[in-house]
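Structural features, examined
Read off the chains here:
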Protein chains: 2
Amino acid sequence: MRIGELSRKTGVPVPTIKYYVREGLLPPGELTSPNQANYGEAHERRLHLIRALLDVGGMKVADIADVLAAVDDPARPLHKVLGAAADRLGAGHTERDDTESAAAQAIVTDLIARRGWRTHTSNPAAADLSKALAALVRLGHGAFVEVLDDYADAAERVARADLAYVDRRAAVDDMVESVVIGTVLGEAVFSALRRLAHVDASAKLYGTDGPPEGRAR
Amino acid sequence: MRIGELSRKTGVPVPTIKYYVREGLLPPGELTSPNQANYGEAHERRLHLIRALLDVGGMKVADIADVLAAVDDPARPLHKVLGAAADRLGAGHTERDDTESAAAQAIVTDLIARRGWRTHTSNPAAADLSKALAALVRLGHGAFVEVLDDYADAAERVARADLAYVDRRAAVDDMVESVVIGTVLGEAVFSALRRLAHVDASAKLYGTDGPPEGRAR
(Lines give C-alpha, C1' and ligand atoms only; values in the text may rest on other atoms or scores of the structure.)
Protein backbone atom coordinates (compact mmCIF):
# COMPACT_ATOMS: atom_id res chain seq x y z
CA MET A 1 0.00 0.00 0.00
CA ARG A 2 1.03 3.65 -0.41
CA ILE A 3 2.10 5.68 2.65
CA GLY A 4 -1.22 7.57 2.47
CA GLU A 5 -3.22 4.38 2.95
CA LEU A 6 -0.86 3.24 5.73
CA SER A 7 -1.55 6.57 7.43
CA ARG A 8 -5.33 6.17 7.07
CA LYS A 9 -5.27 2.59 8.39
CA THR A 10 -3.17 3.41 11.46
CA GLY A 11 -4.24 6.97 12.18
CA VAL A 12 -0.57 8.03 12.14
CA PRO A 13 0.12 11.20 10.04
CA VAL A 14 2.36 10.70 6.99
CA PRO A 15 5.12 13.04 8.28
CA THR A 16 5.16 11.07 11.55
CA ILE A 17 5.51 7.79 9.64
CA LYS A 18 8.47 9.27 7.73
CA TYR A 19 9.96 10.41 11.05
CA TYR A 20 9.69 6.88 12.47
CA VAL A 21 11.48 5.53 9.36
CA ARG A 22 14.26 8.12 9.77
CA GLU A 23 14.61 7.21 13.47
CA GLY A 24 14.85 3.52 12.61
CA LEU A 25 11.64 2.54 14.41
CA LEU A 26 9.93 1.52 11.17
CA PRO A 27 11.67 -0.28 8.27
CA PRO A 28 11.51 1.74 5.01
CA GLY A 29 8.93 0.72 2.43
CA GLU A 30 9.90 -1.15 -0.74
CA LEU A 31 10.78 1.42 -3.42
CA THR A 32 8.52 1.03 -6.48
CA SER A 33 9.93 4.19 -8.07
CA PRO A 34 12.63 6.73 -7.06
CA ASN A 35 10.08 8.72 -5.03
CA GLN A 36 7.43 6.11 -4.19
CA ALA A 37 7.54 3.30 -1.62
CA ASN A 38 5.24 0.35 -0.99
CA TYR A 39 4.25 -0.63 2.56
CA GLY A 40 2.81 -3.93 3.82
CA GLU A 41 0.95 -5.38 6.78
CA ALA A 42 4.22 -5.66 8.72
CA HIS A 43 4.54 -1.87 8.56
CA GLU A 44 0.92 -1.44 9.67
CA ARG A 45 1.46 -3.78 12.62
CA ARG A 46 4.75 -2.17 13.62
CA LEU A 47 3.10 1.26 13.59
CA HIS A 48 0.39 0.00 15.98
CA LEU A 49 3.17 -1.32 18.25
CA ILE A 50 5.09 1.98 18.15
CA ARG A 51 1.94 3.96 19.00
CA ALA A 52 1.08 1.59 21.84
CA LEU A 53 4.54 1.85 23.42
CA LEU A 54 4.45 5.63 22.91
CA ASP A 55 0.88 6.52 23.90
CA VAL A 56 0.00 3.78 26.38
CA GLY A 57 3.43 2.76 27.64
CA GLY A 58 4.62 6.36 27.84
CA MET A 59 8.01 5.34 26.41
CA LYS A 60 10.41 7.70 24.66
CA VAL A 61 11.12 7.28 20.92
CA ALA A 62 14.79 6.50 21.62
CA ASP A 63 13.85 3.79 24.14
CA ILE A 64 11.31 2.31 21.73
CA ALA A 65 14.05 2.09 19.09
CA ASP A 66 16.21 0.08 21.53
CA VAL A 67 13.37 -2.28 22.42
CA LEU A 68 12.36 -2.82 18.77
CA ALA A 69 15.98 -3.55 17.90
CA ALA A 70 15.90 -6.25 20.55
CA VAL A 71 12.60 -7.57 19.18
CA ASP A 72 14.07 -7.74 15.67
CA ASP A 73 17.21 -9.59 16.79
CA PRO A 74 16.53 -13.36 16.41
CA ALA A 75 19.64 -14.20 18.45
CA ARG A 76 18.32 -12.30 21.44
CA PRO A 77 16.96 -14.69 24.13
CA LEU A 78 13.43 -13.96 25.35
CA HIS A 79 14.39 -12.92 28.86
CA LYS A 80 16.99 -10.46 27.50
CA VAL A 81 14.32 -8.73 25.43
CA LEU A 82 11.98 -8.80 28.38
CA GLY A 83 14.75 -7.13 30.36
CA ALA A 84 15.28 -4.51 27.67
CA ALA A 85 11.59 -3.66 27.69
CA ALA A 86 11.36 -3.72 31.48
CA ASP A 87 14.45 -1.56 31.97
CA ARG A 88 12.78 1.16 29.88
CA LEU A 89 10.05 1.23 32.52
CA GLY A 90 12.57 1.67 35.32
CA ALA A 91 13.42 4.91 37.10
CA GLY A 92 16.89 4.62 35.64
CA HIS A 93 18.39 7.18 38.00
CA THR A 94 21.52 6.35 39.96
CA GLU A 95 20.94 5.31 43.55
CA ARG A 96 21.96 7.57 46.41
CA ASP A 97 24.65 6.34 48.76
CA ASP A 98 23.10 6.92 52.19
CA THR A 99 21.84 4.88 55.13
CA GLU A 100 18.28 4.76 53.75
CA SER A 101 19.51 3.29 50.45
CA ALA A 102 21.64 0.70 52.26
CA ALA A 103 18.71 -0.31 54.48
CA ALA A 104 16.39 -0.53 51.45
CA GLN A 105 18.86 -2.70 49.54
CA ALA A 106 19.02 -5.08 52.51
CA ILE A 107 15.20 -5.28 52.53
CA VAL A 108 15.16 -6.12 48.80
CA THR A 109 17.88 -8.77 49.15
CA ASP A 110 15.93 -10.29 52.04
CA LEU A 111 12.65 -10.19 50.10
CA ILE A 112 14.13 -11.93 47.03
CA ALA A 113 15.59 -14.66 49.30
CA ARG A 114 12.36 -14.99 51.31
CA ARG A 115 10.21 -15.33 48.18
CA GLY A 116 12.71 -17.73 46.63
CA TRP A 117 12.68 -15.64 43.48
CA ARG A 118 15.14 -16.91 40.86
CA THR A 119 16.54 -13.48 40.18
CA HIS A 120 19.42 -11.56 41.68
CA THR A 121 19.94 -8.10 43.13
CA SER A 122 21.87 -6.96 40.02
CA ASN A 123 18.50 -6.85 38.22
CA PRO A 124 17.68 -3.18 37.43
CA ALA A 125 14.22 -3.77 38.91
CA ALA A 126 15.86 -4.60 42.26
CA ALA A 127 17.62 -1.22 42.17
CA ASP A 128 14.35 0.53 41.28
CA LEU A 129 12.61 -1.26 44.15
CA SER A 130 15.22 -0.34 46.76
CA LYS A 131 15.18 3.22 45.44
CA ALA A 132 11.42 3.45 45.95
CA LEU A 133 11.71 1.90 49.42
CA ALA A 134 14.52 4.28 50.38
CA ALA A 135 12.33 7.21 49.33
CA LEU A 136 9.50 5.85 51.50
CA VAL A 137 11.86 5.56 54.49
CA ARG A 138 13.07 9.16 53.99
CA LEU A 139 9.41 10.24 54.06
CA GLY A 140 8.78 8.42 57.34
CA HIS A 141 6.94 5.56 55.62
CA GLY A 142 9.39 2.82 56.50
CA ALA A 143 6.40 0.88 57.86
CA PHE A 144 5.35 0.40 54.22
CA VAL A 145 7.53 -2.72 54.22
CA GLU A 146 4.68 -4.33 56.21
CA VAL A 147 2.65 -4.54 52.98
CA LEU A 148 5.62 -5.54 50.81
CA ASP A 149 4.63 -9.23 50.84
CA ASP A 150 1.05 -8.37 49.87
CA TYR A 151 2.56 -6.52 46.92
CA ALA A 152 4.87 -9.45 46.15
CA ASP A 153 1.94 -11.92 46.24
CA ALA A 154 0.05 -9.74 43.77
CA ALA A 155 3.13 -9.30 41.57
CA GLU A 156 3.66 -13.08 41.45
CA ARG A 157 0.02 -13.59 40.45
CA VAL A 158 0.32 -11.04 37.62
CA ALA A 159 3.66 -12.45 36.45
CA ARG A 160 2.27 -16.00 36.36
CA ALA A 161 -0.73 -14.79 34.32
CA ASP A 162 1.59 -12.90 31.93
CA LEU A 163 3.88 -15.87 31.34
CA ALA A 164 0.96 -18.30 30.98
CA TYR A 165 -0.53 -15.97 28.36
CA VAL A 166 2.77 -15.67 26.49
CA ASP A 167 3.32 -19.43 26.70
CA ARG A 168 -0.09 -20.12 25.13
CA ARG A 169 1.10 -18.01 22.20
CA ALA A 170 4.51 -19.70 22.00
CA ALA A 171 3.51 -21.51 18.80
CA VAL A 172 3.10 -18.29 16.87
CA ASP A 173 6.29 -16.53 15.86
CA ASP A 174 5.64 -13.23 17.60
CA MET A 175 6.44 -14.50 21.09
CA VAL A 176 9.21 -11.98 21.74
CA GLU A 177 6.96 -9.15 20.58
CA SER A 178 4.22 -10.55 22.81
CA VAL A 179 6.53 -10.33 25.81
CA VAL A 180 7.39 -6.70 25.05
CA ILE A 181 3.73 -5.85 24.60
CA GLY A 182 2.78 -7.70 27.77
CA THR A 183 5.51 -6.04 29.80
CA VAL A 184 4.75 -2.48 28.69
CA LEU A 185 0.99 -2.58 28.11
CA GLY A 186 0.45 -4.98 31.01
CA GLU A 187 2.06 -2.34 33.21
CA ALA A 188 -0.44 0.25 32.00
CA VAL A 189 -3.32 -2.19 32.46
CA PHE A 190 -2.38 -3.00 36.06
CA SER A 191 -1.73 0.65 36.92
CA ALA A 192 -5.24 1.56 35.77
CA LEU A 193 -6.79 -1.43 37.58
CA ARG A 194 -4.98 -0.54 40.81
CA ARG A 195 -6.33 3.01 40.66
CA LEU A 196 -9.86 1.72 40.03
CA ALA A 197 -9.50 -0.74 42.91
CA HIS A 198 -8.29 2.12 45.14
CA VAL A 199 -11.54 4.00 44.59
CA ASP A 200 -13.50 0.85 45.46
CA ALA A 201 -11.38 0.02 48.52
CA SER A 202 -11.62 3.64 49.68
CA ALA A 203 -15.40 3.62 49.21
CA LYS A 204 -15.72 0.40 51.23
CA LEU A 205 -13.46 1.77 53.99
CA TYR A 206 -14.69 5.37 54.23
CA GLY A 207 -17.89 5.51 52.22
CA THR A 208 -18.15 6.95 48.74
CA ASP A 209 -17.37 10.50 49.88
CA GLY A 210 -13.96 9.55 51.19
CA PRO A 211 -12.93 9.63 54.87
CA PRO A 212 -15.10 11.38 57.47
CA GLU A 213 -14.63 15.15 57.73
CA GLY A 214 -11.60 16.04 59.77
CA ARG A 215 -9.83 12.82 58.90
CA ALA A 216 -8.83 14.04 55.47
CA ARG A 217 -5.90 15.76 57.16
CA MET B 1 18.41 26.15 59.24
CA ARG B 2 20.17 27.97 56.37
CA ILE B 3 19.55 26.89 52.78
CA GLY B 4 23.07 25.39 52.68
CA GLU B 5 22.29 23.02 55.55
CA LEU B 6 18.91 22.15 53.97
CA SER B 7 20.82 21.28 50.79
CA ARG B 8 23.30 19.07 52.70
CA LYS B 9 20.52 17.26 54.60
CA THR B 10 18.43 16.50 51.48
CA GLY B 11 21.14 16.17 48.83
CA VAL B 12 19.30 18.76 46.72
CA PRO B 13 21.59 21.51 45.30
CA VAL B 14 20.89 25.06 46.51
CA PRO B 15 19.96 26.39 43.01
CA THR B 16 17.47 23.51 42.66
CA ILE B 17 15.91 24.35 46.04
CA LYS B 18 15.52 27.98 44.89
CA TYR B 19 13.96 26.72 41.65
CA TYR B 20 11.39 24.64 43.58
CA VAL B 21 10.49 27.74 45.64
CA ARG B 22 10.04 29.80 42.45
CA GLU B 23 7.86 27.05 40.95
CA GLY B 24 5.70 26.96 44.08
CA LEU B 25 6.63 23.38 45.00
CA LEU B 26 8.38 24.46 48.19
CA PRO B 27 7.15 27.27 50.49
CA PRO B 28 9.75 30.05 50.88
CA GLY B 29 11.87 30.10 54.02
CA GLU B 30 11.22 32.61 56.82
CA LEU B 31 13.22 35.76 56.06
CA THR B 32 15.65 36.53 58.88
CA SER B 33 17.26 39.37 56.93
CA PRO B 34 16.65 40.92 53.48
CA ASN B 35 18.87 38.30 51.83
CA GLN B 36 18.73 35.40 54.27
CA ALA B 37 15.95 32.87 54.88
CA ASN B 38 15.45 30.24 57.57
CA TYR B 39 14.16 26.75 56.69
CA GLY B 40 12.62 24.13 58.98
CA GLU B 41 11.87 20.41 59.10
CA ALA B 42 8.71 20.97 57.02
CA HIS B 43 10.92 22.20 54.17
CA GLU B 44 13.27 19.23 54.56
CA ARG B 45 10.33 16.80 54.46
CA ARG B 46 8.69 18.52 51.49
CA LEU B 47 12.00 18.35 49.59
CA HIS B 48 12.16 14.59 50.18
CA LEU B 49 8.59 14.29 48.87
CA ILE B 50 9.37 16.37 45.76
CA ARG B 51 12.45 14.27 44.99
CA ALA B 52 10.50 11.03 45.49
CA LEU B 53 7.70 12.08 43.13
CA LEU B 54 10.30 13.33 40.63
CA ASP B 55 12.95 10.58 40.74
CA VAL B 56 10.92 7.51 41.74
CA GLY B 57 7.45 8.50 40.53
CA GLY B 58 8.83 9.93 37.29
CA MET B 59 6.39 12.86 37.58
CA LYS B 60 6.87 16.25 35.91
CA VAL B 61 7.50 19.36 38.04
CA ALA B 62 4.23 20.95 36.86
CA ASP B 63 2.26 17.82 37.81
CA ILE B 64 3.98 17.67 41.21
CA ALA B 65 2.93 21.30 41.81
CA ASP B 66 -0.71 20.33 41.14
CA VAL B 67 -0.57 17.32 43.46
CA LEU B 68 1.15 19.26 46.27
CA ALA B 69 -1.47 22.02 45.94
CA ALA B 70 -4.10 19.32 46.50
CA VAL B 71 -2.14 17.95 49.47
CA ASP B 72 -1.95 21.45 51.01
CA ASP B 73 -5.67 22.13 50.57
CA PRO B 74 -7.42 21.04 53.82
CA ALA B 75 -10.84 21.29 52.15
CA ARG B 76 -9.87 18.71 49.55
CA PRO B 77 -11.44 15.29 50.32
CA LEU B 78 -9.03 12.36 50.44
CA HIS B 79 -10.33 10.60 47.34
CA LYS B 80 -10.06 13.83 45.31
CA VAL B 81 -6.37 14.11 46.21
CA LEU B 82 -5.92 10.43 45.49
CA GLY B 83 -7.49 11.11 42.11
CA ALA B 84 -5.22 14.10 41.48
CA ALA B 85 -2.16 11.97 42.21
CA ALA B 86 -3.47 8.98 40.25
CA ASP B 87 -4.40 11.05 37.19
CA ARG B 88 -0.80 12.20 36.96
CA LEU B 89 0.15 8.55 36.48
CA GLY B 90 -2.37 8.12 33.66
CA ALA B 91 -1.63 8.10 29.94
CA GLY B 92 -3.61 11.30 29.66
CA HIS B 93 -3.94 11.09 25.88
CA THR B 94 -7.36 11.35 24.26
CA GLU B 95 -8.96 8.07 23.28
CA ARG B 96 -9.35 7.14 19.63
CA ASP B 97 -12.83 6.75 18.23
CA ASP B 98 -12.68 3.37 16.49
CA THR B 99 -14.16 -0.11 16.87
CA GLU B 100 -11.25 -1.29 19.05
CA SER B 101 -11.81 1.58 21.50
CA ALA B 102 -15.54 0.90 21.63
CA ALA B 103 -14.95 -2.82 22.26
CA ALA B 104 -12.38 -2.03 24.97
CA GLN B 105 -14.72 0.40 26.72
CA ALA B 106 -17.41 -2.31 26.79
CA ILE B 107 -14.91 -4.75 28.35
CA VAL B 108 -14.03 -2.19 31.07
CA THR B 109 -17.68 -1.41 31.83
CA ASP B 110 -18.34 -5.14 32.09
CA LEU B 111 -15.29 -5.70 34.31
CA ILE B 112 -16.27 -2.93 36.75
CA ALA B 113 -19.81 -4.37 36.98
CA ARG B 114 -18.55 -7.96 37.32
CA ARG B 115 -16.10 -7.04 40.09
CA GLY B 116 -18.75 -4.94 41.81
CA TRP B 117 -16.26 -2.08 42.02
CA ARG B 118 -17.77 1.09 43.50
CA THR B 119 -16.35 3.30 40.80
CA HIS B 120 -17.68 4.44 37.46
CA THR B 121 -16.45 4.52 33.88
CA SER B 122 -15.92 8.31 34.03
CA ASN B 123 -12.84 7.60 36.20
CA PRO B 124 -9.70 8.57 34.21
CA ALA B 125 -8.24 5.18 35.15
CA ALA B 126 -11.13 3.50 33.28
CA ALA B 127 -10.21 5.48 30.16
CA ASP B 128 -6.54 4.54 30.56
CA LEU B 129 -7.53 0.89 30.96
CA SER B 130 -9.72 0.79 27.86
CA LYS B 131 -6.98 2.62 25.96
CA ALA B 132 -4.44 -0.03 26.90
CA LEU B 133 -6.90 -2.83 26.03
CA ALA B 134 -7.72 -1.21 22.67
CA ALA B 135 -4.00 -1.06 21.87
CA LEU B 136 -3.69 -4.77 22.75
CA VAL B 137 -6.60 -5.62 20.42
CA ARG B 138 -5.02 -3.61 17.58
CA LEU B 139 -1.86 -5.66 18.09
CA GLY B 140 -3.78 -8.95 17.86
CA HIS B 141 -3.65 -9.50 21.61
CA GLY B 142 -7.38 -9.31 22.27
CA ALA B 143 -7.01 -12.66 24.08
CA PHE B 144 -5.23 -10.71 26.84
CA VAL B 145 -8.68 -10.13 28.36
CA GLU B 146 -8.44 -13.76 29.53
CA VAL B 147 -5.96 -12.66 32.21
CA LEU B 148 -7.82 -9.46 33.06
CA ASP B 149 -9.44 -10.99 36.15
CA ASP B 150 -6.07 -12.28 37.38
CA TYR B 151 -4.87 -8.69 37.07
CA ALA B 152 -8.01 -7.41 38.82
CA ASP B 153 -7.56 -9.89 41.70
CA ALA B 154 -3.98 -8.69 42.16
CA ALA B 155 -5.03 -5.03 41.91
CA GLU B 156 -7.69 -5.55 44.59
CA ARG B 157 -5.13 -7.17 46.87
CA VAL B 158 -2.70 -4.26 46.44
CA ALA B 159 -5.45 -1.66 46.88
CA ARG B 160 -6.65 -3.33 50.10
CA ALA B 161 -3.08 -3.38 51.43
CA ASP B 162 -2.62 0.29 50.50
CA LEU B 163 -5.81 1.46 52.18
CA ALA B 164 -5.19 -0.68 55.27
CA TYR B 165 -1.74 0.90 55.55
CA VAL B 166 -3.11 4.43 55.12
CA ASP B 167 -5.91 3.72 57.59
CA ARG B 168 -3.43 2.59 60.25
CA ARG B 169 -1.82 6.01 59.85
CA ALA B 170 -5.15 7.87 59.88
CA ALA B 171 -4.48 9.24 63.36
CA VAL B 172 -1.45 11.20 62.25
CA ASP B 173 -2.17 14.37 60.30
CA ASP B 174 -0.28 13.46 57.13
CA MET B 175 -2.92 11.03 55.86
CA VAL B 176 -3.49 12.86 52.58
CA GLU B 177 0.25 13.01 51.96
CA SER B 178 0.41 9.30 52.80
CA VAL B 179 -2.15 8.57 50.12
CA VAL B 180 -0.21 10.54 47.52
CA ILE B 181 3.01 8.81 48.51
CA GLY B 182 1.34 5.41 48.48
CA THR B 183 -0.26 6.01 45.10
CA VAL B 184 2.88 7.23 43.35
CA LEU B 185 5.64 5.29 45.15
CA GLY B 186 3.42 2.21 45.52
CA GLU B 187 3.14 2.23 41.73
CA ALA B 188 6.92 2.22 41.41
CA VAL B 189 7.23 -0.52 44.04
CA PHE B 190 4.73 -2.81 42.29
CA SER B 191 6.24 -2.17 38.87
CA ALA B 192 9.65 -3.26 40.13
CA LEU B 193 8.20 -6.30 41.94
CA ARG B 194 6.30 -7.37 38.82
CA ARG B 195 9.49 -7.21 36.75
CA LEU B 196 11.36 -9.25 39.36
CA ALA B 197 8.51 -11.78 39.49
CA HIS B 198 8.62 -11.98 35.67
CA VAL B 199 12.22 -13.14 35.79
CA ASP B 200 11.31 -15.77 38.37
CA ALA B 201 8.18 -16.95 36.52
CA SER B 202 10.16 -17.08 33.26
CA ALA B 203 12.92 -19.07 34.93
CA LYS B 204 10.41 -21.55 36.36
CA LEU B 205 8.67 -21.89 32.96
CA TYR B 206 11.64 -21.95 30.60
CA GLY B 207 14.68 -22.37 32.79
CA THR B 208 17.07 -19.57 33.64
CA ASP B 209 18.29 -19.20 30.06
CA GLY B 210 14.88 -18.29 28.75
CA PRO B 211 12.81 -20.40 26.36
CA PRO B 212 14.39 -23.34 24.45
CA GLU B 213 16.28 -22.41 21.27
CA GLY B 214 13.96 -21.75 18.39
CA ARG B 215 11.12 -20.70 20.67
CA ALA B 216 12.54 -17.27 21.30
CA ARG B 217 10.93 -16.13 18.06
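Residues numbered from 1 in each chain as written. Chains lettered and ligands numbered in written order. Predicted model: local features only at pLDDT ≥ 70, side-chain atom pairs only at ≥ 80, totals over all residues. Heavy atoms only, no water.

This paragraph deals with the pattern of salt bridges. The full count for this structure, using the stated rule, is 26 salt bridges over all chains. Linking Arg115 of chain A and Asp149 of chain A is a salt bridge whose minimum nitrogen-to-oxygen distance equals 2.6 Å. Taken as a pair, Arg115 of chain A in helix H6 (residues 99-115) and Asp149 of chain A in helix H8 (residues 148-168) lie far apart in primary sequence, 34 residues in all. You can call Arg115 of chain A buried: its relative accessible area is 18%. For Glu187 of chain B, the salt bridge goes to Arg194 of chain A, with nearest N and O atoms at 3.6 Å. Of this pair, Glu187 of chain B sits in helix H9 (residues 175-206) while Arg194 of chain A sits in helix H9 (residues 175-206), each in a different chain. As far as burial versus exposure is concerned, Glu187 of chain B and Arg194 of chain A are alike and both buried. Sharing partners across several salt bridges, the network here consists of Asp110, Arg114, Arg115, Asp149, Asp150, Asp153 and Glu156 of chain A together with Arg157 of chain B. (Salt bridge = Lys/Arg side-chain N within 4 Å of Asp/Glu carboxyl O. Helix = DSSP H or I, 4+ residues; strand = E, 2+ residues; numbered from the N terminus. Buried < 20%, exposed > 50% of the residue type's maximum accessible area, 1.4 Å probe, protein only.)

Residue and element names in this part refer to chain B. Bridge count between strand E1 (residues 30-33) and strand E2 (residues 36-38): three bridges; the pairing is antiparallel. Its bridge partner being in E2, Leu31 is matched across the sheet by Ala37. Counted between consecutive antiparallel strands, the loop separating E1 from E2 contains two residues. (Pairing = 2+ DSSP bridges.)

On to the packing of helix H2 (residues 14-22) of chain B against helix H3 (residues 41-56) of chain B. Residue and element names in this part refer to chain B. Their axes nearest at 12 Å, the elements H2 and H3 cross at an angle of 90°. It follows that H2 is roughly perpendicular to H3 by the angle criterion. Within the contact between the two elements, H2 uses Thr16, Ile17 and Tyr20 and H3 uses Leu47, Ile50, Arg51 and Leu54. Considering only residue class, the contact of H2 with H3 consists of five nonpolar, one polar and one charged. (Axes fitted to C-alpha atoms, helices over the stretch in contact; angles between N-to-C directions. Parallel < 35°, antiparallel > 145°, perpendicular 65-115°, else oblique. Contact = heavy atoms within 4.5 Å. Nonpolar A, V, L, I, M, F, W, Y, C, P; charged D, E, K, R; others polar.)

What follows is about the domain arrangement of chain A. Residues and elements named next belong to chain A. Split by domain assignment, chain A resolves into domain 1 (3-55) and domain 2 (99-215). The interface is formed by four residues belonging to domain 1 together with six residues belonging to domain 2. Roughly 420 Å² is buried in total at the junction of domain 1 and domain 2, and carbon and sulfur atoms are behind 65% of that figure. Here domain 1 is connected to domain 2 by zero salt bridges. Linking domain 1 with domain 2 are zero residue pairs in polar contact (both at pLDDT 80 or more). Taken together, the residues of the side of domain 1 that touches domain 2 break down into three nonpolar, no polar and one charged. (Domains from an automatic or database assignment. Buried area = accessible area lost by both parts, 1.4 Å probe. Polar contact = N/O pair within 3.5 Å; in protein donor to acceptor, adjacent residues only side chain to side chain.)

Here the UniProt-annotated "domain: HTH merR-type" (unreviewed entry) positions come out as residues 1-70 of chain A. Helix makes up 61% of residues 1-70 of chain A and strand 10%, and the two end C-alpha atoms of the span are 27 Å apart. (UniProt positions renumbered as here; feature names shortened; annotations may be inferred.)

This part is about the environment of Ser130 of chain B. Assignment of secondary structure puts Ser130 of chain B in helix H7 (residues 124-138). For the pair Ser130 of chain B and Val166 of chain B, spaced 36 residues apart in the sequence, the C-alpha separation amounts to 28 Å.

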